[in-house]
Amino acid sequence: MVIAIAYAVRLSLDPRHYFFYEAADRTTWVYRPGHVAFVCAIMLAEAALVWGVFLQPRPALWLRCAIGLGILGPWTLLATSVFMHAPGYVLFHHLWAWSLVGLLTLAASGSGGWLVYRRLRRAMTGAFDQPR
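Rules and cut-offs
- Residues numbered from 1 in each chain as written.
- Predicted model: local features only at pLDDT ≥ 70, side-chain atom pairs only at ≥ 80, totals over all residues.
- Heavy atoms only, no water.
- Helix = DSSP H or I, 4+ residues; strand = E, 2+ residues; numbered from the N terminus.
- Expected span 1.5 Å × (residues − 1).
- Buried < 20%, exposed > 50% of the residue type's maximum accessible area, 1.4 Å probe, protein only.
- Arc of directions from axis to C-beta.
- Contact = heavy atoms within 4.5 Å.
- Polar contact = N/O pair within 3.5 Å; in protein donor to acceptor, adjacent residues only side chain to side chain.
- Phe/Tyr/Trp six-rings, centres within 6.5 Å; stacked < 30°, edge-to-face > 60°.

### Concerning helix 1 (residues 2-13)
Helical geometry: 3.6 residues make up each α-helical turn, so side chains three or four residues apart lie on a common side.
Then, number 1: Its 12 residues place the ends of helix 1 17 Å apart at the C-alpha level, agreeing with the 16 Å of an ideal helix rising 1.5 Å per residue.
Then, number 2: The set of residues buried in helix 1 consists of Ala4, Ile5, Ala8, Leu11 and Ser12. The buried side chains of helix 1 occupy one side of the element, clustering within an arc of 120 degrees when seen end-on. Exposed residues lying more than 90 degrees from the buried face of helix 1 are Val2, Ile3 and Arg10.
Then, number 3: Considering only its buried residues, helix 1 is in contact with helix 2 (33-55) and helix 4 (88-125).

Next up, the structure:
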């Protein structure tokens, strides 16, 4: 997480990662640290949400991931809907957000699949009295 935010700040400092209509516009480029800090704060909040999903002991992982996806999924769709002429650090945030959505989806699929497998196995062997 710290590395990703540091990389976003590094991208924001390079004028080559910004769109300019004319080459002469690069000379009047002004760095906006407030917007960079805002994007980094959003990245931090997204990472905190994912960490919260994985660090809680209850309920089941697939359910926690589904709740996290219910929050992060629509937010990511909304946040990444505009990307044309976005600076490099904003595009990196888009990649970051979608990778978190992918991580939650993968974890939910794995946990849900494991749950289905265990339930089917118990049902087929008739071992309803065995401990989990």
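### Digging into the environment of tryptophan 98
Then, number 1: Relative to the assigned elements, tryptophan 98 resides in helix 4.
Then, number 2: Look at tryptophan 98 and you get partly exposed, because its relative accessible area is 39%.
Then, number 3: Put simply, tryptophan 98 and isoleucine 5 are 93 residues apart on the chain and 15 Å apart in space, counted from C-alpha to C-alpha.
Then, number 4: If sequence neighbours within four positions are ignored, tryptophan 98 has contacts with Thr76, Leu77 and Thr80.

### Thoughts on the side chain of serine 12
Then, number 1: Looking at the secondary structure, you find serine 12 in helix 1.
Then, number 2: A polar contact of 3.0 Å, which involves the side chain of serine 12, links it to the side chain of tyrosine 31.

### Considerations on unusual backbone geometry
Then, number 1: Between arginine 58 and proline 59 the backbone carries a cis peptide bond, its omega angle lying at -5 degrees.
Then, number 2: One can find proline 59 in the loop between helix 2 and helix 3 (61-79).
Then, number 3: For histidine 85, which is not a glycine, the phi torsion comes out positive at approximately 60 degrees.
Then, number 4: Inspection of the secondary structure assignment puts histidine 85 in the loop between helix 3 and helix 4.
Then, number 5: Using a relative accessible area of 44% as the deciding quantity, one classes histidine 85 as partly exposed.

### Considering the packing of aromatic side chains
Then, number 1: Taken as a whole and judged by the stated rule, the model has six aromatic pairs.
Then, number 2: Judged by centre distance (5.1 Å) and plane angle (50 degrees), the rings of tyrosine 18 and tryptophan 29 are tilted. On the criterion of sequence distance, the pair formed by tyrosine 18 in the loop between helix 1 and helix 2 and tryptophan 29 in the loop between helix 1 and helix 2 is long-range, its members being 11 residues apart.
Then, number 3: Accessibility expressed as a relative area gives 15% for tyrosine 18, which makes it buried.
Then, number 4: You can call tryptophan 29 partly exposed: its relative accessible area is 25%.
Then, number 5: Within the aromatic cluster, the residues linked to one another by ring pairs are Tyr18, Trp29, Tyr31 and Tyr89.

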